[in-house]
Amino acid sequence: MAQNQRPRSILESLGEEIIRIITPVSICMFMVVILVSVLNSNSSSSSSASVNSIATIAYTETSSDSSWDKFLGALLNSLVFVAVVTVVTFILVLLFYLRCTKFLKLYMGFSAFVVLGFMGGEIALFLIEDFSIPIDCITFMVVLFNFAVVGVLAVFMSKMAILVTQGYLVIIGMLVAYWFTLLPEWTTWVLLVALALYDLAAVLLPVGPLRLLVELAISRDEDIPALVYEARPVTYNDTGSMGGVAQRRVWRGRREENLNDDSNSNANGVFVDNVDSESDSLSNASAVLDSNSDSNTLDNATLVRAEEARVPERDAELSAPLIDHRMNIQPQQQEDAVSSESLMLEGIGLGSSGAIKLGLGDFIFYSVLVGRAAMYDFMTVYACYLAIIAGLGVTLMLLALYQKALPALPVSIALGVLFYLLTRFLLEVFVVECSLNLLMF
Amino acid sequence: MTVAAGIGYALLTLGPSLSLFASVISKKPFLILTVLSSTLLWLISLIVLAGVWRGFLPLKSTSWWPYGLLIFSSVAFQEGLRVLFWKVYKRLEDILDAFADKVSKPHLFLTDKMQIALAGGLGHGVAHAVFFCLSLLTPAFGPATFFVDRCSRIPFFLVSAIISLAFVTIHTFSMVIAFNGYAEGNKVDQLFVPVVHLVAGMATLVNFASGGCMISIPLLYLIAILTLIHCGKMVWRRLIENRGEIGSSQ
């Protein structure tokens with residue numbers, strides 16, 4: 001009577017895409033928290049005084065100013081920063097409009113190299129100092145150079161193993177986020193809020209630079225050259241069906257009326273869960289299955305290679321479903337003496353294979369928030385982590401609902417800042433009081 | 001305390017949860033999302049309670065009845081929130097069943113529902129452990145350790161970790177009992193959970209007496225074991241009934 005072949009319930013694989021985007025975000029936040037707590041265990045004021053950047057050009061915070069002065073100074077800093085970012089984004093839109101894609105790609109490669117090489121190198125130096133790791137200059141230079149070069153290649157050549165690419169993107173996010181946490185406290189918080197508001201405006205207003213960029217890219221069917229994290233698409237084998245047919249699950253996109261050339265691109269994925277390929281009653285999923293027919297009998301690992309091999313000839317197709325690549329672009333300033341720019345994306349969209357794409361800017365600012373919370377106490381870290389993940393979940397739900405470009409920063413940053421304040425001023429006193437008296441419930 | 005001791009205390013309180021997570025929850029992405037949302041919900045409950053009681057803290061530590069009131073109100077609020085959680089879960093179950101129909105898969109099995117309840121309870125337990133125990137550990141790394149007057153034989157962190165472990169167990173399995181009670185309309189189960197929670201909370205009041213932790217900790221573990229046994233019996237009964245139903249309907 002025992003059922004050997006119980007049909008699989010939906011609980012087996014529901015929500016997998018969300019987990020695949022939450023995991024790297026969590027890893028990035030975790031690593032930034034570790035870095036912050038390891039490197040800042042001595043006084044933080046000494047290190048923050050040495051960071052001179054665009055973000056502190058208007059006002060340098062000293063601990064002797066009053067709260068109101070600090071707030072005004074931070075506001076000034078943030079306004080300057082947001083203004084610079086806006087100008088740079090408009091320049092980016094202009095360059096994209098003039099089809100200087102080559103230049104943009106080169107510039108992105110250069111900025112990734114700078115981040116990995118110089119920022120990564122400086123952080124490695126901090127770590128070496130703190131832990132007295134015995135390593136000589138030449139080995140260090142060789143290792144660092146190789147690390148940076150492989151990183152640049154991983155991010156821009158799609159022939160790399162997807163895990164390496166994703167790993168390097170997370171590392172880039174982590175490095176930039178750590179540098180942002182070195183800013184003074186008030187400046188960091190006001191900057192986060194200002195950037196969240198800017199993101200909201202830039203993506204949703206008709207005159208916003210990011211919206212212009214996305215619309216340009218869509219109208220031209222081109223890929224925006226930027227740093228974006230793409231979660232691996234969900235595909236699994238149903239062992240019950242014959243031949244190990246791989247089923248695909250992609251997010252649903254409403255069919256756009258003005259699409260006429262994407263019949264076999266995965267532009268409009270359908271949120272289906274095909275039990276059998278035979279019983280596939282959803283005809284519009286057949287387009288998806290067709291283009292992936294050669295991957296049907298492969299498992300995950302080989303699917304990755306198959307996808308990579310198909311990339312060259314599917315370049316046009318990959319760029320075509322930009323209909324679903326709704327992304328926002330936000331060039332970020334690096335906290336360097338050389339204030340070079342790097343082009344990183346923010347915002348959430350759907351990838352060509354239906355996987356969720358999250359801009360690297362989002363990784364960075366989530367991690368900045370959590371890193372800053374770590375500088376106060378770990379209770380705030382846990383609270384802010386949960387708030388950010390909740391915000392990300394809400395944004396993903398809105399993405400599934402509205403099917404258009406959405407800024408990923410505002411909801412998460414708002415919840416994160418709110419929970420930070422609530423935890424710091426309310427929860428901590430309460431919990432410490434209860435705990436010290438060994439009262440728990 | 002040293003890093004090794006700190007990690008030891010953290011594993012003491014979260015070890016069983018971690019193994020539960022690794023073996024049951026991590027295999028199904030939906031359950032991971034349930035754990036995260038449940039943890040968030042209980043964090044919000046703690047923040048609301050902290051907001052309400054903030055004006056009264058720090059309480060005078062001489063008399064115990066303000067603390068009793070604090071615990072009573074907190075437990076009452078959390079149990080009310082549990083009912084709300086159940087209602088949200090019911091709606092979610094309907095949505096999931098509708099979705100299952102759309103993709104021609106079977107509705108949620110009984111084991112699925114119990115796993116979701118377990119994930120919800122694990123979220124509650126993890127929230128308790130993280131905020132009451134772990135968050136005090138991490139700032140305290142260093143050469144010395146800390147003892148409380150009232151329980152001066154073992155370090156404060158160890159006491160806190162042990163108590164947290166009991167509470168994690170109670171919370172995790174109470175949720176399974178509660179959801180089951182609401183689903184079946186079983187009054188015994190529905191009352192069991194709030195009563196157990198209240199008794200456990202009040203048991204920690206015993207810690208006010210000097211040396212009180214000698215009594216309260218075994219008491220708490222007794223309650224935890226009671227919860228475990230009750231949950232085990234209930235789950236076993238339901239699974240047997242379910243298998244009987246499936247067998248008879250085939």
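Just above sits the structure.
All of the points below concern the structure found in this document. (Residues numbered from 1 in each chain as written. Chains lettered and ligands numbered in written order. Predicted model: local features only at pLDDT ≥ 70, side-chain atom pairs only at ≥ 80, totals over all residues. Heavy atoms only, no water.)

A few points about the overall build of chain A
Now for step 1: Across its full length, chain A holds 14 helices and seven strands.
Now for step 2: Expressed as a percentage of its 441 residues, the buried residues of chain A come to 57%.
Now for step 3: When the accessible surface of chain A is totalled, it reaches about 18400 Å², and 65% of it is carbon and sulfur. (Helix = DSSP H or I, 4+ residues; strand = E, 2+ residues; numbered from the N terminus. Buried < 20%, exposed > 50% of the residue type's maximum accessible area, 1.4 Å probe, protein only. Areas by Shrake-Rupley, 256 points an atom, 1.4 Å probe, with all protein chains shown as cover.)

Some words on the interface of chain A and chain B
Now for step 1: Residue-level contacts link 49 residues of chain A with 71 residues of chain B.
Now for step 2: On inspection of chain A and its partner chain B, the count reaches zero salt bridges.
Now for step 3: Listing elements by their share of the side of chain A that touches chain B, those giving two or more residues are helix 1 (16-39), helix 13 (378-402) and helix 14 (409-436) of chain A.
Now for step 4: A breakdown of the residues in the side of chain A that touches chain B according to their chemical character gives 35 nonpolar, seven polar and seven charged. (Contact = heavy atoms within 4.5 Å. Salt bridge = Lys/Arg side-chain N within 4 Å of Asp/Glu carboxyl O. Nonpolar A, V, L, I, M, F, W, Y, C, P; charged D, E, K, R; others polar.)

What to know about the pattern of salt bridges
Now for step 1: Considering all chains together, one arrives at 11 salt bridges over all chains under this definition.
Now for step 2: Close ionic contact of R20(A) with E16(A) constitutes a salt bridge, the shortest N to O distance being 3.1 Å. Taken together, the residues R20(A) and E16(A), both in helix 1 and four residues apart, mark about one turn of the helix.
Now for step 3: Notably, a salt bridge pairs R211(A) with E215(A), separated by 3.3 Å at the nearest N-O pair. Of this pair, R211(A) and E215(A) both sit in helix 8 (residues 209-220), four residues apart, which is roughly one turn of the helix.
Now for step 4: Each of E184(B), R237(B), R238(B) and E241(B) takes part in a single network of salt bridges with overlapping partners.

Some details on the nonpolar core
Now for step 1: Counting residues in each nonpolar core, the largest one holds 184 residues, and the members touching the most others are I21(A), F180(A), L427(A), F430(A) and F441(A).
Now for step 2: Not counting the four nearest positions on each side in its chain, I21(A) is found in contact with Y229(A), A231(A), I356(A), L358(A), L392(A) and L396(A). (Core = buried A, V, L, I, M, F, W, Y, C linked by side-chain atoms within 4.5 Å.)

What about the packing of aromatic side chains?
Residues and elements named next belong to chain A.
Now for step 1: For the coordinates displayed, the defined rule picks out 25 aromatic pairs over all chains.
Now for step 2: Ring plane angle 75° and centroid distance 6.4 Å describe the contact between Y376 and Y420, whose orientation is recorded as edge-to-face. Taken together, the residues span a long stretch of sequence, with Y376 in the loop between helix 12 (360-374) and helix 13 and Y420 in helix 14 at a distance of 44 residues.
Now for step 3: Above the ring of Y376, the side-chain terminus of R424 is found at 4.1 Å from the ring centroid. (Phe/Tyr/Trp six-rings, centres within 6.5 Å; stacked < 30°, edge-to-face > 60°. Lys NZ or Arg CZ within 6 Å of the ring centre and 35° of its normal.)

Section: the state of the cysteines
Covalent bonding between the sulfur atoms of two cysteines defines a disulfide.
Now for step 1: Counting across every chain of the model gives one disulfide over all chains.
Now for step 2: The side chain of C151(B) participates in a disulfide bridge whose partner is C213(B); the two sulfur atoms lie 1.7 Å from each other. With the S-S dihedral at roughly 95°, the linkage between C151(B) and C213(B) falls on the right-handed side. Of this pair, C151(B) sits in the loop between helix 4 (110-137) and helix 5 (156-184) while C213(B) sits in helix 7 (residues 213-249), placing them 62 residues apart in sequence. Grouping residues by exposure puts C151(B) and C213(B) together as buried.
Now for step 3: For the unlinked cysteine C384(A), the closest cysteine sulfur is that of C28(A), found at 15 Å.
Now for step 4: On the accessibility criterion, C384(A) (0% relative accessible area) is buried.
Now for step 5: Among the cysteines around C133(B), which has no disulfide bond, C151(B) carries the closest sulfur, lying 14 Å off. (Disulfide = S-S within 2.5 Å.)

Concerning unusual backbone geometry
Among all residues except glycine, the phi angle is most often negative; among peptide bonds, the trans geometry is most common.
Residues and elements named next belong to chain A.
Now for step 1: The residue R99 is not glycine, and still its phi comes out positive at about 60°.
Now for step 2: The backbone of Q403 sits at a positive phi, close to 55°, despite the residue not being glycine.
Now for step 3: What makes Q403 buried here is its relative accessible area of 11%.

A few points about the packing of helix 1 (residues 3-23) of chain B against helix 5 of chain B
Residues and elements named next belong to chain B.
Now for step 1: Two numbers describe how helix 1 lies on helix 5: the axes approach to 7 Å, and their chain directions differ by 20°. With respect to helix 5, the axis of helix 1 lies roughly parallel. The chirality of how helix 1 crosses helix 5 is right-handed. Each of Y9, L12, T13, P16, S17 and L20 in helix 1 lies in contact with helix 5, whose residues at this interface are F157, L158, A161, I162, S164, L165, V168 and T172.
Now for step 2: Of the residues belonging to the contact of helix 1 with helix 5, the class tally is 10 nonpolar, four polar and no charged. (Axes fitted to C-alpha atoms, helices over the stretch in contact; angles between N-to-C directions. Parallel < 35°, antiparallel > 145°, perpendicular 65-115°, else oblique. Left-handed = near helix turned anticlockwise from the far one by under 90°.)

In short, shape yes, function no, at least from these values alone.
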